[in-house]
Amino acid sequence: MSECRRSSQPDTHNIVIMKQIPDRLHATLDRIARATDACGRNADDVRLLAVSKTKPVEDILSAYNAGQNAFGENYLQEALHKIAQLADHPIEWHYIGRLQSNKTHDVSRCFAWVHGLENLKHARRLSEQRPSKLPPLQVCIQVNLSGEASKGGIAPEALLPLARAVAILPRLTLRGLMTMPNPNSSNEAQRAVFASLREHLARLRNADLDVDTLSMGMSGDLEDAIAEGATIVRIGTDIFGPRQPKPTADG
Ligand SMILES: *Cc1c(COP(=O)(O)O)cnc(C)c1O
């Protein structure tokens, strides 16, 4: 696993922002607790994935030291660098970016979860490439419920056959579904998307697939996602503050 090994020293970073992160993290956990209360769910039933894309290692450490252990990254080169720097910490890394065939090798070696699986070719590659000394890679299939061709995810009609095919791959564990509603749509429209993902998960369970995860909800819409059954919310801005633009030499 040489790709995942420790490399260079952390960069310097604004101490003021770092100090705010534990408070922001706890505020986010409170938000989750209030949202689960409001719909009669347990706070423990919803996991917080801290989305640290574009943020430095120091920010991740400051959330980690405040008790957060699952982090989500979108940009592979940036993520590999951070994973290497934090190799001594038992962090659970989630790949939430777009998959491409040339990324499956590193993703299969350096992450515990993949949230955006959208085709069988990538699933087969991930399963073949997953090192035997690691536990199976936990995967969610991304479903495109907004109908926009530019958005990631598989069309709902194609979900069941893909889920069946992924579920039998030896080095993957199919955990459930992920979606991203159009950020510009109304709260009602976003909530309808979350409800639809919940129904798709129920359909997979009715088809005897052993799935338990709904990865949905971000900083702007976590209450709606939790009300519709989210089991993992992916939160960036609320914890780490606004992001700088996506790094250039990356994808
Ligand atoms: C960036 C990102 C998030 C976090 O979004 P925020 O609005 O900053 O909370 C969640 N999921 C995915 C797939 C993302 O790319």
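Look a little higher up for the structure.
What counts as what
- Residues numbered from 1 in each chain as written.
- Predicted model: local features only at pLDDT ≥ 70, side-chain atom pairs only at ≥ 80, totals over all residues.
- Heavy atoms only, no water.
- Salt bridge = Lys/Arg side-chain N within 4 Å of Asp/Glu carboxyl O.
- Helix = DSSP H or I, 4+ residues; strand = E, 2+ residues; numbered from the N terminus.
- Near = heavy atom within 4 Å.
- Polar contact = N/O pair within 3.5 Å; in protein donor to acceptor, adjacent residues only side chain to side chain.
- Areas by Shrake-Rupley, 256 points an atom, 1.4 Å probe, with all protein chains shown as cover.
- Nonpolar A, V, L, I, M, F, W, Y, C, P; charged D, E, K, R; others polar.
- Core = buried A, V, L, I, M, F, W, Y, C linked by side-chain atoms within 4.5 Å.
- Buried < 20%, exposed > 50% of the residue type's maximum accessible area, 1.4 Å probe, protein only.
- Contact = heavy atoms within 4.5 Å.
- Pairing = 2+ DSSP bridges.
- Right-handed = clockwise from strand over helix to strand, strands pointing away.
- Expected span 1.5 Å × (residues − 1).

Tallied over the full model, the rule gives nine salt bridges. Here Arg31 ties to Glu223 by a salt bridge, and the two come within 2.8 Å at their closest N and O atoms. Here Arg31, found in helix α1 (residues 15-38), pairs with Glu223, found in helix α8 (residues 222-227); they are 192 residues apart in sequence, far enough to count as distant. Residue Arg98 pairs with Glu118 through a salt bridge whose shortest N-O separation is 3.2 Å. Of this pair, Arg98 sits in the loop between β3 (92-95) and α4 (104-110) while Glu118 sits in the loop between β4 (113-117) and α5 (120-129), placing them 20 residues apart in sequence.

Turning our attention to the site of the ligand. Surveying the vicinity of the ligand reveals the residues Val51, Lys53, Asn74, Ile96, Met180, Met218, Ser219, Arg234, Ile235, Gly236, Thr237 and Arg243. Within the side chain of Asn74, a nitrogen or oxygen atom sits 2.7 Å from an oxygen atom of the ligand. Take Gly236: an N or O atom from its main chain is 2.8 Å from an oxygen atom of the ligand. When the free accessible area of the ligand is taken as 390 Å², the share hidden by the protein chains comes to 90%. For the shell around the ligand, the per-class residue count stands at five nonpolar, four polar and three charged.

Our focus in this paragraph is the nonpolar core. Core analysis: the largest hydrophobic core is formed by 58 residues, its most contacted members being Phe111, Ile141, Val166, Leu177 and Val233. In terms of residue count, helix α7 (residues 187-206) provides more of this core than any other element does, five residues in total. Look past the residues within four positions of Ile141 in its chain and what remains in contact with it is His115, Leu117, Ile154, Leu159, Leu162, Ala163, Val166, Leu174, Gly176, Leu177 and Met178. In this structure, Ala70, Ile96, Cys140 and Ile232 belong to the second largest nonpolar core, which totals eight residues.

To continue, consider the pairing of strand β1 (residues 47-51). With four of five residues buried, β1 lies mostly within the body of the structure. Across four bridges, β1 lies against strand β8 (residues 232-235) in parallel orientation. Pairing of Leu48 across the sheet is with Val233, part of β8. Across two bridges, the pairing between β1 and strand β2 (residues 70-73) is parallel. Bridged to Ala50 within β2 is Phe71. For the crossover that starts at β1, traverses helix α2 (residues 57-65) and ends in the parallel β2, the hand is right-handed.

With 20 residues, α7 should cover 28 Å at 1.5 Å per step; its first-to-last C-alpha distance of 29 Å lies within 8% of that length. What α7 keeps buried is the set Gln190, Val193, Phe194, Ala195, Ser196, Leu197, His200, Leu201 and Leu204. Where α7 is buried, its residues contact α6 (159-167), β6 (172-178), β7 (213-215) and α8. Positive backbone phi, approximately 70°, marks Asp208, located one or two places after α7.

By the secondary structure assignment, Lys53 is in the loop between β1 and α2. A relative accessible area of 14% places Lys53 in the buried class. Every residue in contact with Lys53, bar those within four places of it in the chain, is listed here: Gly72, Glu73, Asn74, Tyr75, Glu78, Lys82 and Arg243.

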